[in-house]
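One letter stands for each residue in the lines below.
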Amino acid sequence: MPEEKKESQGSEEKIVPTGKISKWLTENGFQHEALEPDHLGVEILKVDAQFLIPLSTALYAYGFNYLQCQCGYDPGPGQDLVSMYHLIKVTDFADRPDEVRIKVFVPRENPTVPSVYWIWKAADFQERESYDMYGIVYEGHPNLKRILMPEDWIGWPLRKDYISPEFYELQDAY
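All values derive from a computational prediction rather than experimental measurement.

A. Looking closely at the overall build of the protein chain. When helices and strands are tallied, the protein chain shows three helices and nine strands. Counting across all 174 residues of the protein chain, residues that qualify as buried make up 38%. Long-range pairs, those at least 24 residues apart, make up 50% of the contacts in the protein chain with a sequence separation of at least 6. Accessible surface, the protein chain as shown: approximately 10400 Å² in total, 52% of it carbon and sulfur.

B. Fine view of the layout of surface pockets. For the largest pocket, the calculated volume is near 160 Å³. Along the walls of the largest pocket sit Lys20, Ile21, Leu40, Gly41, Val42, Glu43, Pro97, Asp98 and Glu99, which together make up its complete lining. Taken together, the residues of the lining of the largest pocket break down into four nonpolar, one polar and four charged.

C. Focus on the pairing of strand β6 (residues 81-88). Within β6, eight of the eight residues are buried, leaving the element largely enclosed by the surrounding structure. What you see with β6 is no split at all: Leu81, Ser83, Tyr85 and Leu87 on one side and Val82, Met84, His86 and Ile88 on the other are buried throughout. Relative to strand β7 (residues 99-106), β6 runs antiparallel, the two being bridged by eight bridges. Among the inter-strand pairings, methionine 84 is bridged to a residue of β7, identified as lysine 103.

D. Geometry of the pattern of salt bridges. For the structure shown, the criterion picks out six salt bridges. The salt bridge partner of arginine 101 is aspartate 38, with a shortest N-O separation of 3.0 Å. Of this pair, arginine 101 sits in strand β7 while aspartate 38 sits in the loop between β3 (33-35) and β4 (43-46), and the two are 63 residues apart along the sequence. Of the residues examined, arginine 101 reaches a relative accessible area of 15% and is grouped as buried. Given a relative accessible area of 17%, aspartate 38 falls into the buried group. Aspartate 74 is paired through a salt bridge with arginine 108; the nearest N and O atoms lie 2.8 Å apart. Taken together, the residues span a long stretch of sequence, with aspartate 74 in the loop between β5 (66-73) and β6 and arginine 108 in the loop between β7 and β8 (112-114) at a distance of 34 residues. As far as the burial class goes, aspartate 74 and arginine 108 line up, both buried. It is possible to trace a salt-bridge network through shared partners that takes in Lys20, Lys89 and Asp98.

E. Structural detail: the sheet that holds β3. On the basis of which strands lie adjacent, the open sheet formed by five strands has the order β3-β4-β7-β6-β5 and mixed pairing. Only two strands of the sheet have a single neighbouring strand rather than two, namely β3 and β5. On average, each strand axis in the sheet is tilted by 25 degrees relative to the strand beside it, whichever way the strands run. Bridge count for β4 against β7 is four bridges, and the pairing is parallel. Looking across to β7, one finds that leucine 45 is bridged to isoleucine 102. Contacts from helix α1 (residues 20-27) reach β3, β4 and β7 within the one sheet, and its direction differs from that of β4 by about 35 degrees. Sheet contacts for helix α2 (residues 52-61): β6 and β7; angle to β7, the most-contacted strand, approximately 175 degrees.

Reading the values: rules and limits
Residues numbered from 1 in each chain as written. Predicted model: local features only at pLDDT ≥ 70, side-chain atom pairs only at ≥ 80, totals over all residues. Heavy atoms only, no water. Helix = DSSP H or I, 4+ residues; strand = E, 2+ residues; numbered from the N terminus. Buried < 20%, exposed > 50% of the residue type's maximum accessible area, 1.4 Å probe, protein only. Contact = heavy atoms within 4.5 Å. Areas by Shrake-Rupley, 256 points an atom, 1.4 Å probe, with all protein chains shown as cover. 1 Å grid on protein atoms, 1.4 Å probe; cavity = no way out; pocket = protein on both sides within 12 Å on 5 of 7 lines; lining within 4 Å. Points joined across faces, edges and corners; volume = space filled by probe spheres on them. Nonpolar A, V, L, I, M, F, W, Y, C, P; charged D, E, K, R; others polar. Pairing = 2+ DSSP bridges. Salt bridge = Lys/Arg side-chain N within 4 Å of Asp/Glu carboxyl O. Axes fitted to C-alpha atoms, helices over the stretch in contact; angles between N-to-C directions.

Set out below in structure tokens:
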């Protein structure tokens, strides 16, 4: 029977079963928190930014050799920003490879996360996009600059508290 961890949601605590990847990380001394799996059963792990590189290196050594997706998102004004990583263990003849998702919550005031570019090169443009749209700084990235917006753009357009500098109401357009 798998271990269980409690996930706090509001005033109630929900019991979250620990998956095999979380269990392996715990057995090997890597700090993280198991969150509720997604609707497909993919394990989701919450990791502090300071532990992202050691944990990512361990997952790479464990066989997670493919970074399918790295992105940022903003759950809402006043809440922490999130840098998310979806990893897959790609092997020959695997029809259902192992998957895991890592989430790093960072404060809006100083959203800094170490870059995983040196582990998975696929993080290159994806971290740049998260920086460009949310202002999450990826320390150690070799070329962290805007990729979608002009270099002189002010602000982070996909943050939910962002107000465009040239915003005007639709009724003002007529």
